Amino acid sequence: QVIKCKAAIAWEANKPLCIEEVEVAPPKAHEVRIQIIATALCHTEAHILHPKFTEAFFPVILGHEGSGIVESVGPGVTNCKPGDKVIPLYMPQCKKCKFCLSPLTNFCAKLSPSKSPLVQQELMEDKTSRFTCKGKPVYHFMGISTFSQYTVVSDTNLAKIDDDANLERVCLLGCGFSTGYGAAINTAKVTPGSTCAIFGLGGVGLSALIGCKVAGASRIIAVDINSEKFAKAKALGATDCLNPRDLQKPVQEVIIEMTGGGVDFALDCAGGSEAMRAALDCTTVGWGSCTLIGVAIGDKGLTVSPTEILMGRTINGTSFGGYKGRDSIPKLVTDYKNKKFNLDALVTHTLPFDKINEAFDLMHQGK
């Protein structure tokens with residue numbers, strides 16, 4: 001039957017979220033209703049609420065980085081059962097389309113390649129919502145809507161994980177950690193002994209740093225305009241930290257001098273044309289690789305001259321770290337349990353659900 005619970009609703013852009021009582025309908029065929037135990041906060045949510053972002057749907061329940069326990073399943077669901085611990089996935093994996101059957105990508109034909117993932121999966125497959133508030137339907141977000149005590153997702157959008165997983169930590173595998181770590185390991189394919197530069201030291205950037213360290217990079221240069229992030233970056237393996245605002249010349253020129261011609265791998269986790277430009281510029285000719293992960297609102301993008309690419313540099317991009325979620329996320333949970341990497345370092349604050357707007361404030365302050 002219908003479950004009544006609390007959810008944080010975005011009624012319109014540029015306004016705080018409102019904690020409301022919502023009704024969550026039971027799951028239909030190939031759908032799963034999940035009790036969300038923990039959710040993390042990502043700049044993506046701020047992106048949707050930004051007045052310059054015109055493609056958003058309202059009212060909507062945001063959140064795309066969470067963990068929970070299966071409450072009930074609809075007909076035809078075979079990959080989980082009530083009581084299972086799961087991580088909802090905003091990147092679906094249907095396991096049937098040409099993309100899912102290819103080892104080259106984690107894209108799935110359930111998504112449209114011409115639209116940002118942020119403005120897809122706003123309704124379930126039957127084009128209706130499972131959320132109602134004050135008698136009105138409320139949009140889903142990226143197929144998972146984790147800012148609700150209960151949510152409904154497609155069975156292609158969740159990974160069943162170990163029963164003893166710590167849900168307050170592995171919720172980060174729903175986006176931030178997997179995106180940054182996978183960008184280094186899967187997309188850039190950072191090699192042992194290499195030099196790396198990471199732009200932006202939020203959750204994704206620190207996770208990319210962990211990925212470079214696990215991959216065996218010998219030098220990792222961390223770049224951020226907030227020097228307060230440097231202590232944590234160094235603790236996680238950064239060998240050098242640079243604040244572009246403290247330098248006498250562009251950061252890419254400093255990196256080129258430091259590395260005798262540029263780094264092997266640059267990862268832009270900040271977004272924005274300046275950071276993308278600096279990331280590409282600081283890679284060495286011949287084989288330098290620049291991986292784009294961050295996106296900024298209303299950005300003009302990156303202008304590239306053919307010569308830069310003809311000289312042997314490559315640019316690539318990644319979504320969700322290149323991970324096929326249903327296959328890969330359970331393995332990452334096991335890696336975390338086996339202490340291959342530490343997620344604790346990425347958690348700065350733990351707040352009750354009704355303080356969600358304070359969490360946004362902390363994020364905007366760079367804390």
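Only a predicted model underlies this, so the values are computations on that prediction, with no experimental measurement involved.

Conventions adopted
- Residues numbered from 1 in each chain as written.
- Predicted model: local features only at pLDDT ≥ 70, side-chain atom pairs only at ≥ 80, totals over all residues.
- Heavy atoms only, no water.
- Phe/Tyr/Trp six-rings, centres within 6.5 Å; stacked < 30°, edge-to-face > 60°.
- Domains from an automatic or database assignment.
- Contact = heavy atoms within 4.5 Å.
- Buried area = accessible area lost by both parts, 1.4 Å probe.
- UniProt positions renumbered as here; feature names shortened; annotations may be inferred.
- Helix = DSSP H or I, 4+ residues; strand = E, 2+ residues; numbered from the N terminus.
- Pairing = 2+ DSSP bridges.
- Axes fitted to C-alpha atoms, helices over the stretch in contact; angles between N-to-C directions.
- Parallel < 35°, antiparallel > 145°, perpendicular 65-115°, else oblique.
- Left-handed = near helix turned anticlockwise from the far one by under 90°.
- Nonpolar A, V, L, I, M, F, W, Y, C, P; charged D, E, K, R; others polar.

### What about the packing of aromatic side chains?
Under the counting rule described, the total for this entry stands at 8 aromatic pairs. Measuring from centroid to centroid gives 5.0 Å for phenylalanine 99 and phenylalanine 107, while their planes differ by 90°, and the two rings are edge-to-face. Among the aromatic side chains, those forming a connected cluster through ring pairs are Phe177, Tyr181, Tyr336 and Phe341.

### A closer look at the domain arrangement of the chain
Splitting the chain by domain gives domain 1 (3–174 + 324–365) and domain 2 (180–319). Here the C-alpha centroids of domain 1 and domain 2 sit 28 Å apart. Taken together, the contact between domain 1 and domain 2 spans 14 residues of the former and 12 residues of the latter. Between domain 1 and domain 2 lies a buried interface of about 1,000 Å² when both sides are counted; carbon and sulfur atoms form 68% of it.

### Notes on the UniProt feature "domain: Enoyl reductase (ER)" (unreviewed entry) in the chain
With numbering matched to this structure, UniProt assigns "domain: Enoyl reductase (ER)" (unreviewed entry) to residues 12–366. For the annotated span residues 12–366, helix accounts for 24% and strand for 19% of the residues, and the straight-line distance between the end C-alpha atoms is 24 Å.

### Some words on the sheet that holds strand 9 (residues 150–154)
Taken in spatial order, the 5 strands make up an open sheet running 9-3-5-6-10, and their pairing is antiparallel. In this open sheet, the two strands that pair with only one neighbour each are strand 9 and strand 10 (158–160). Taken pair by pair, the neighbouring strands of this sheet meet at an average axis angle of 45°, ignoring direction. Where strand 6 (residues 85–88) and strand 10 come together, 3 bridges link them in antiparallel fashion. Opposite valine 86, over in strand 10, you have lysine 160 as the bridge partner.

### Quick word on the packing of helix 6 (residues 251–258) against helix 7 (residues 273–281)
At their nearest, the axes of helix 6 and helix 7 sit 9 Å apart, and the two run at 20° to each other. Judged on the interaxial angle alone, helix 7 and helix 6 are roughly parallel. You can see that helix 6 and helix 7 cross each other, and the crossing is right-handed. Between helix 6 and helix 7, the residues in contact are Val251, Gln252 and Ile256 and Arg277, Ala278 and Asp281, respectively. Counted by class, the contact of helix 6 with helix 7 contains 3 nonpolar, 1 polar and 2 charged residues.

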